[in-house]
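Listed below are the residues making up each chain.
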Amino acid sequence: MEQEPLEQFTFDFKKETAEIVGGSSDELKLKLGEFAGPLDLLLFLIRQEQANIFDIPIARITDEYVKYIRLMKGLDIAVAADFLVMAATLIEIKSKMLLPRDPSEVEEEAFEDPRKELVDRLLEYEQYKAASQMLYERTTIEQAVFGRGKIESDDANAEINASVFDIVTIFQKILLRHRDEIKMEIAREEISLSDMIKTLKRRIFEEMELNIQTFFEEMQSRRELVTAFIAILEIVRTESVKLTQKKTFGEIILKAVTNGTGN
Amino acid sequence: MEPETETATEAVTDTADENFARSMAELVAIVEALIFVADEPITTKLLSEVIEEERDSVEAAVVELQKEYETRESGLQIREIAGGWQIATRTELHEDVRKFLKTRPSAKLSLASLETLAVIAYKQPVTVPEILEIRGVQSASAIKTLLEKRLIVTKGHKETVGRPMQYGTSKEFLIQFGLKDLNELPSIEDFEDLAG
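This structure is a prediction, so every number in the text was calculated from the model and none was measured.

(A) Layout of the environment of B:I51. Tracing the backbone shows B:I51 in helix α3 (residues 44–51). Each C-alpha atom, one on B:I51 and one on B:I30, is 8.1 Å from the other, the two residues being 21 residues apart in sequence.

Laid out in structure tokens, this is it:
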């Protein structure tokens, strides 16, 4: 079993791939590496045992497989759940094979080898494993081929494709825009939140009912709108005012709650 | 080259004579310049649109160019990649080219990523559970890597329970693996004997 297992390993395309190096039968020394998955490990073990894939010595392979997983655990390699699932599958097949066959079934051709499903999966997996080797070879070749370096075309350097004149013109435009903005800022009338609450309160108690949409529409700027919104939230929380809405998406009305009746 | 392209060459030289457009030599030169300048593999369609020539004549010119490079054992080659044409160095010269560029082969894909990519390439469009069934192992991180490397792309949801996302290979995959198109991949059944 420990005789040159490396020879059996078809894919050497990843040097770090796990390999089992010599050692006594119960103590395997492991050169750390990864198996791509439980099927990969299983194929490796079958090769190592020089077993026929169509007639897998299930008991022996299961033992090896479980031993390997213990080893991985012992070496503190997190054993993925998928590896454990496979161990369970192997043990299940092993026990099925130990059970005496139903004599009536044996005579019929219908008897199905409990290993069949696993063999099918292994064969399919093997194809993709070979395909991945092909892909690996292709990239290796591809990495030996070089295209030309980037050409510094105008297209690649669009932002430099402008004269000093262009830049000055754009800068002037920006300055002009800023001047307008400053004007607007001077004209803006700031209203504080407490002022807004006062106004709102006065309006509600004067009119008893206030449609908040009307109130919002009276606002002059974005800033005022935000202040108004906060004021409404605040007033509902602190004062005897409630928000009502007759139907979904309908108008929202602010109402003063008269003492005693409101709740 | 392939027999079909041979016949194309003949057919085109005929039409070129009739049209009195550009000579074959001229076409070859223009086509060479455009392939050289293009950032990505340039398609015959695009070439023919730019130079306003029949696709057949363009194709013939590229094949002719390809032959010229081969005959004089040029350091460059014209390759058909991802449905387009590309000018690139010859594989054999990689050592000297690398020495000059001071590059090393870039990080290779892990075994798990390669396997996942193989399954996606052959089974596309394919869902994560379907990949799991073949590989016998979760492929989430491999799929993430492949998406990051833009080798695979999402191909919409499968209309089945849970509507799982489907994946397929990208144009980048063809470029990085030097493939003309997906049909150039050997059929999966061909691996049967190789594997055993």
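The discussion continues.
(B) Structural detail: the nonpolar core. With 52 residues, the main nonpolar core has A:L42, B:L117, B:A118 and B:I120 as its most contacted residues. For this core, the secondary-structure elements that each account for two or more residues are α2 (38–48), α3 (58–74), α4 (81–98) and α6 (116–142) of chain A together with α6 (111–123), α7 (128–135), α8 (140–148) and α9 (171–176) of chain B. The greatest single-element share of this core, amounting to 8 residues, is contributed by α6(B). Aside from chain neighbours lying at most four places away, what touches B:I120 is B:V126, B:I131, B:I152, B:Y167, B:G168 and B:T169.

(C) Expanded view of the interface of chain A and chain B. Taken together, the contact between chain A and chain B spans 34 residues of the former and 34 residues of the latter. Within the residue set of the side of chain A that touches chain B, elements represented by two or more residues are α2, α4 and α6 of chain A. For the side of chain A that touches chain B, the element with the most residues is α6(A), which contributes 17 residues. For the side of chain A that touches chain B, a count of residues per class yields 17 nonpolar, 7 polar and 10 charged.

(D) Fine view of the sheet that holds strand β4 (residues 152–157) of chain B. Residues and elements named next belong to chain B. What the 3 strands build is an open sheet, ordered β3-β5-β4; its pairing is antiparallel. For this open sheet the edge positions go to β3 (126–127) and β4, each flanked by a neighbour on one side alone. The pairing of β3 with strand β5 (residues 165–169) spans 2 bridges and is classified as antiparallel. Across the sheet, the residue bridging to V126 is Y167, located in β5.

(E) The confidence of the model for chain B, seen in detail. Residues and elements named next belong to chain B. Confidence in the prediction for chain B averages 85 pLDDT; 87% of positions are at 70 or higher. Under a pLDDT of 50 for its full length, residues 1–18 has, in the predicted model, 21 contacts with residues more than four places off or in other chains. The ipTM, which scores confidence in the relative placement of chains, is 0.76 for this predicted complex, and the corresponding pTM is 0.60.

(F) Examining unusual backbone geometry more closely. Residue B:P125 is reached from B:Q124 by a cis peptide bond, and omega for that bond is -5°. For A:M208, which is not glycine, the phi torsion reads 65° and is therefore positive. Relative to the helices and strands, A:M208 resides in the loop between α8 (193–207) and β3 (209–211). The class of A:M208 is exposed, set by 12 C-beta atoms lying within 10 Å. A positive phi angle, near 55°, is found at B:E52, a position not held by glycine. Take B:E52: it is sitting in the loop between α3 and α4 (55–71).

(G) Quick peek at α4(B). Relative to the 24 Å expected for 17 residues at 1.5 Å per residue, α4(B) spans 24 Å between its end C-alpha atoms, a close match to the ideal helical length. Positioned one or two residues after α4(B), B:E73 has a phi angle of 50°, which is positive.

(H) Focus on α4(A). Residue and element names in this part refer to chain A. Taking 1.5 Å per residue as the helical rise, α4 with its 18 residues ought to reach 26 Å, and the 26 Å between its terminal C-alpha atoms agrees with that figure. Where α4 is concerned, the buried positions are F83, M86, L90 and I93. Angular distribution of buried residues about the axis of α4 spans 80°; they occupy a single face of the element. Exposed and oriented more than 90 degrees from the buried face of α4 are A81, L84, A88, S95 and L98. The secondary structure elements touched by the buried residues of α4 are α2, α3 and α6.

About the cut-offs
Residues numbered from 1 in each chain as written. Chains lettered and ligands numbered in written order. Predicted model: local features only at pLDDT ≥ 70, side-chain atom pairs only at ≥ 80, totals over all residues. Helix = DSSP H or I, 4+ residues; strand = E, 2+ residues; numbered from the N terminus. Core = buried A, V, L, I, M, F, W, Y, C linked by C-beta atoms within 7 Å. Buried ≥ 20, exposed ≤ 12 C-beta atoms within 10 Å, placed from the backbone. Contact = placed C-beta atoms within 7 Å. Nonpolar A, V, L, I, M, F, W, Y, C, P; charged D, E, K, R; others polar. Pairing = 2+ DSSP bridges. pLDDT = per-residue confidence, 0-100. Expected span 1.5 Å × (residues − 1). Arc of directions from axis to C-beta.

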